[in-house]
Every structure is written in C-alpha cells, then in structure tokens.
Amino acid sequence: MQKITIQNLDKYVGKEVKISGWLTNKRSGKGIEFLIVRDGSGFVQCIADENEIDAKVFNLAKSLSQESSFELKGTVVKDEKQIGGFEIHVKDIKLIGESVSFPITNKPHGVEFLMDNRHLWLRSKRQWAIMRVRNRLIFAIHNFFQKEEFVQMDAPFFTGNAVEGTTTLFATDFYDDKAYLSQSGQLYGEAMAMAMGKIYTFGPTFRAEKSKTRRHLSEFWMIEPEMAFFDNDMNMDLIESFIKYIVKDVKENCKAEFEILERDTSIFDLIIKDKFPRLTYDQAAKILIGEEKVNGKTTIETLENDFLEVLKNIEENQKEIESAENQIKAGVKKGQKNYLQNKIDTIKNNIKELDEKKKVIPQWIESAKHFKYGSDLGGSDETVLTRMFDLPVMVYNWPHEIKAFYMKRDKENPHLAKGVDVLAPEGYGEVVGGGERETNEELLIGKINEHQLPMKAFEWYLDLRRYGSVPHAGFGLGLERMVAWICKLKHIRETIPFPRMYGRLFP
Ligand code: 4AD
Ligand code: MG
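Predicted model, so just to flag it, every value in this text is computed and none were measured.

Q: Honestly, the sheet that holds strand β15 (residues 416-424) in this entry has me stumped. Any pointers?
A: One key point about sheets: their strands pair by backbone hydrogen bonds, in either a parallel or an antiparallel sense. Ordered in space as β7-β11-β12-β17-β16-β15-β14-β13, the eight strands form an open sheet in which the pairing is mixed. Among the strands making up the open sheet, the edge pair consists of β7 (151-152) and β13 (278-280). Pairing of strand β12 (residues 219-228) with strand β17 (residues 472-478) involves five bridges; the strand directions are antiparallel. Following the sheet pairing, M222 is matched in β17 by G478. Sheet contacts for helix α12 (residues 379-387): β13, β14 (393-399), β15 and β16 (429-436); angle to β15, the most-contacted strand, approximately 75°.

Rendered as structure tokens:
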C-alpha cells in the first residue's frame, strides 16, 4: 500500500492508502468517530466506523487526543462537502506518539499565550495557511527575478557600517571589533550589480525598533534587487511588474489557503490588471491635506463619509443583536438558541472592529489635515493616502532631507531625491522602499558627513563611484509586510515562523 500525503489525495480516489499525521480535532457520533487529521501538507476528515473495523482500532480512534501522532490506513472517497474535497474511510490506525493536554485548544486564547506557544501554534490551521502563502511568495519572487535574468547573491550579515540610519543598529562583537547586524544588503548589492549587471539579495535584515507596532519586526527578510544602467523610472516599472507577477502567482496557487484565511482575493484582480498610481511626494502631500482631489473627492470628505458609514453600521449591528436577544428571550429551541448566540458573538466582534475605526478615523483626519510639507509619511498618512485608491500607490521624488544618504539628487530640483516608496492598499502602508543611487562622489561624501557616518567605513563604497560608475537603482521589499498584506493579517507577528521583535526573543 502506498504512503501518500494529503495534498495528493485526488490521485487516489477509491484506493487504499497510508498517511502519517496528527489529530487536530475530533467529533464523535453513534458508533462513529470523525477524526480531522493533518500531515503538514493538508487536512482531511477520516471516518472510523465501528461496524467496519476491528474493535481495537475503533477504540484507539475513540481515545486519540489532540496532536497525538499516528499512521492511518484507509480508502479515499471523494466528497465535495469536505475540507479539501475528500475523506478517508479508516481501516487501521497505529499510534506513534501520544499527546497529553495539548495547550492550544479550539477555545479562544489570548495572543500573548499563543505567542509564548509559537512552537506549537504553528500547527494550527490559520498559521499553516499563512506559512504556505509565505512559501509561495518566496518561490514566486525567485521565479520572477530568475526569469528576468537577475543573479541571486548574498550580502554579509555582519557589517561595519550603517545603511538605514544609525538609530536602529544592533551592535555586536566581532573578534573585539564592533560590528553591526545588517539593516540592508543594498550597499553590497550595488557592488555586486557592478560585477554582474542585475542582482538580487534575499536575506534576513535587522533593525532595533524599540516600539511595538503591527508593522515592525526586529528581524525581517528583505528582497533587494539592484540594477546597473537603471534610473528610477525603470526601477518603478520593474517594481510594478514584480508586484503584479507575485500577486498573480499567489492568487492562482494559494486558493485553499486564502479560503482558510477568509481572504477576499477580488482586490488582486485589479492589482494584476490596472496601472499603479504614481504620485510625486508633492502631489501626495497635496492629496493628503485635501488640496487635490482624487476621483472628485478630497481625503477629508472621503474619511468623513467613512466615519458616518461606521456610525450607521454600528447602529445596524446593535439592532441585529437586540432582535436576536429578543428572540432568545421569547424562547426558542436549543439549536436555534445556539445559532442566535453565535450570531450575537460574531456581531459583537464586528462592533469591536467598528468601534476601533470610530476612534481612529477622526485621528486620521486630524493628522492628514495637519500634514507638514517636508516631513515623512506616518503610518496613518499612508493609510489615508491609499484609502483613495484600490491599488498599491508609488510615491516618488522625496525631499532629500528625509531620505537615506545614498539617494540620487534630482538635477532639476536639488531639494528632491529620486526615492520611491510603494504603499500597499487596505491600510498596510509601505511594503517597498527604493530609488536611484547617488553617483556623484562629492555629493555622496557631503551626505556621509551630513549624516555623521564614519567615512572610513564607506571608502570601499566610494570606490564604486571611482571606477566606471554608472546610473543604477534598486529597491527592497519587506517579505513579512507583503505576507501580512496578502493574507490581510492584523499584525506582522504571524507572518514569520519565529518572530523577533521588541519584547520577544522566545520561543
Ligand atoms: O525602506 P527601507 O528601509 O529601504 C531599505 O532598506 C533600502 N536599503 C532598500 C533598497 O533600496 N535596497 O526598507 C525596505 C522595506 C520596507 O519598505 C519594508 O517593507 C521593510 O523593508 N521593512 C520592515 N519590515 C518589517 N519590520 C521592519 N522593522 C522593517 N523595516 C523595513
Ligand atoms: Mg522606507
């Protein structure tokens, strides 16, 4: 008999197979046990029927506890109604490892508890789906760059210099010298692009972010392409086709995962099809403060409408709760009562989210109204700006003072730097940061001094401008930010197997 994995069940309909896995959940009926089994590749319901199998096997099925592991033999049956579209009719089970009182049950748990048990939490269905999407994204990212004839190269993790400002450096000891954990592979990427033409790095990067936000990790994975003979317009074209490609790929290949995550993927169709809006920083600022309209509306009008909509929704939800409660009071059958109670709980959760919006929208309005030209876009500014579009928005030509030292200055407008940020829709904010690099050695030296960086550490970098310097550009995509948005997660902590962030080093 063939040992197979759950994701391949479709090839074995009507056949007897063997799988090895763990029990995630169980229901008991009269003389029948419904085992929900996972094997890492998927989930399947296995039915143990008292009348069809050995009493010993049936008793074992009955006694299996959550997360015990076993080998199971049975016949594959097609059933559209089941998760994955198949079920297995059990013939035999062999216990491999017992599991006593698995801490994560089907009851709701607090997020800190789940984070403390991250090593076990990874086994649950939502986490499984997120990790599969992450895996597919990584695969699509490599496919895209390899198809575009980029060479994958690795930048060092131990570095002697800062790239993205000195405030987020993790210092470490390197044989009695001070070294930092890399914030970005970019500077090395530039050197590699001069050797290979088009390269991309894909590795962990480290930033000491001493605050808890839903968008920041201390250790995250970044994809950083760098291209010789590229300006920022070409860079933006590449970013756009790159994002379209990976979104299309996950949309097509992660259908089951998105179903588990209850992720409505219709927004992806627009992203694949439509051109991304490109706004200069000046334009973005004007839109933010309401000086420029998008589709005939200002941000402030749009947000005020959103606010009224939220109030209306809260009211409607409350009415629905009242009506369900009145029905329960009037007396209903047990099944109906459970149904209504569940409905009330769901609506209450809805209201919680709406209340949160009711609180933040007025704050967004205030901060948009008071946005100061010349300052960086804050998280809420990004949310407000992207609220006006259903697509990722590219903001380019930034005031050079708020961008990194290596950014190319615009010849026509020397107060601007040729950087680009891509802001994801649905409130996810910046997912890509990049731009064209400064090639003028003098300007670069000026910037290194202005940022009070140690010149000695950048001598090698300046060499790149001394020997056959060419226009070049690149960008960095934060993998976890992308996973969070694609899966529409509330927090970045679920996008990586073992998140490292302020206040979290274990497990
Ligand atoms: O905008 P950043 O700082 O740009 C760079 O590091 C450039 N050197 C990239 C380049 O041009 N080669 O970071 C790039 C992206 C951000 O847009 C964001 O997606 C992600 O990295 N990122 C973070 N993700 C999670 N946690 C953090 N603390 C992050 N900081 C940046
Ligand atoms: Mg950035």
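Picking up after the structure, the text goes on.
Q: So what exactly am I meant to see when it comes to unusual backbone geometry here?
A: Of all residues except glycine, most have a negative phi; of all peptide bonds, most are trans. The linkage connecting F506 with the following residue, P507, adopts the cis geometry, with an omega of -5°. Take P507: it is sitting in the segment after α15 (479-487). At E67, a position not held by glycine, the phi torsion is positive, near 75°. Given a relative accessible area of 6%, E67 falls into the buried group.

Q: Any chance you could explain the pairing of strand β5 (residues 69-78) here in plain terms?
A: In the case of a regular strand, side chains alternate between the two sheet surfaces. Two strands pair when backbone bridges link them, and strand β2 (residues 16-29) and β5 are joined in this way by seven bridges, in the antiparallel orientation. Across the sheet, the residue bridging to G21 is F70, located in β5. Where β5 and strand β6 (residues 86-97) come together, ten bridges link them in antiparallel fashion. In the sheet register, T75 faces β6, and the bridge partner there is H89.

The rules behind each value
- Residues numbered from 1 in each chain as written.
- Chains lettered and ligands numbered in written order.
- Predicted model: local features only at pLDDT ≥ 70, side-chain atom pairs only at ≥ 80, totals over all residues.
- Heavy atoms only, no water.
- Pairing = 2+ DSSP bridges.
- Helix = DSSP H or I, 4+ residues; strand = E, 2+ residues; numbered from the N terminus.
- Contact = heavy atoms within 4.5 Å.
- Axes fitted to C-alpha atoms, helices over the stretch in contact; angles between N-to-C directions.
- Buried < 20%, exposed > 50% of the residue type's maximum accessible area, 1.4 Å probe, protein only.

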